[in-house]
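# Structural features, examined
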Amino acid sequence: QVQLVESGGGLVQAGGSLRLSCAASGRTFTSYNIYNMGWFRQAPGKEREFVAAISGGGRNTPYADSVKGRFTISRDNAKKMVYLQMNTLKPEDTSVYYCAATRGTTVSAAAEAYDYWGQGTQVTVSS
């Protein structure tokens, strides 16, 4: 009944760009604009890491320090979509990227706050 599906991952050279998308569907998202959304990433052997989040109306957009100035999160509530524009990519950005959704009242960088998760999309940045 609830689905989050990421797309847009792939191979890119260091310094390049990728745009990730997350499509939401299901009864849970009939009022999509009330959901706070987030992007996380996890590389092999590492813990899941917060990347960025966005409030339901798009006003609050916290970022991890490692991606500030390079990544931009946005959303289109009419399309039930969340995006992550990734510029000036670095090899250390290589990871599986996941989108997540929560009905929590505040935007959170904590994975535990999120209720729904996508399957992930691989991003590989070569030097």
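Above this text sits the structure in question.
The notes below deal with the structure included here. (Residues numbered from 1 in each chain as written. Predicted model: local features only at pLDDT ≥ 70, side-chain atom pairs only at ≥ 80, totals over all residues. Heavy atoms only, no water.)

### As for the packing of aromatic side chains
Heads up, the condition is: By convention, a stacked pair of Phe, Tyr or Trp rings (six-membered ring in the case of Trp) has centres within 6.5 Å and planes under 30 degrees apart, an edge-to-face pair has planes over 60 apart, and any other such pair is tilted. A run of H or I in DSSP counts as a helix once it spans at least four residues, and a run of E counts as a strand once it spans at least two, with each numbered from the N terminus. Only protein chains enter the calculation, and the probe is 1.4 Å; a residue is then buried if its accessible area is under 20% of its type maximum, exposed if over 50%, and partly exposed in between.
Counted according to the given criterion, the structure contains 4 aromatic pairs. Ring centres of Phe40 and Tyr114 lie 5.3 Å apart, and the angle between their planes is 75 degrees; this geometry places the pair in the edge-to-face category. A residue pair is termed long-range when its members are at least 10 positions apart, and Phe40 in strand β4 (residues 36–42) and Tyr114 in the loop between β8 (95–102) and β9 (116–117) qualify at 74 residues. There is no split in this pair, since Phe40 and Tyr114 are both buried. Plain terms: the ring middles of Phe40 and Trp117 are 5.1 Å apart, the flat faces sit at 55 degrees to each other, and that makes the pair tilted. Placement of the pair is Phe40 in strand β4 and Trp117 in strand β9, with a sequence separation of 77 residues. Residue Phe40 is classed as buried on the basis of its relative accessible area, which comes to 1%. Assessed through its relative accessible area of 27%, Trp117 is described here as partly exposed. A network of ring pairs unites the aromatic residues Phe40, Phe50, Tyr114 and Trp117 as a single cluster.

### Some thoughts on the nonpolar core
The criterion, for reference: By nonpolar core we mean a set of buried residues, namely Ala, Val, Leu, Ile, Met, Phe, Trp, Tyr and Cys, connected to one another through side-chain atoms within 4.5 Å. We call two residues in contact when some of their heavy atoms are within 4.5 Å.
Counting 34 residues, the largest nonpolar core has Met37, Trp39, Leu84, Met86 and Tyr97 as its most contacted members. No other element matches strand β5 (residues 49–54), which puts 5 residues into this core. Leave out the neighbours within four places in its chain, and Leu84 touches Leu18, Arg19, Leu20, Trp39, Val51, Ala52, Phe71, Thr72, Ile73 and Tyr97.

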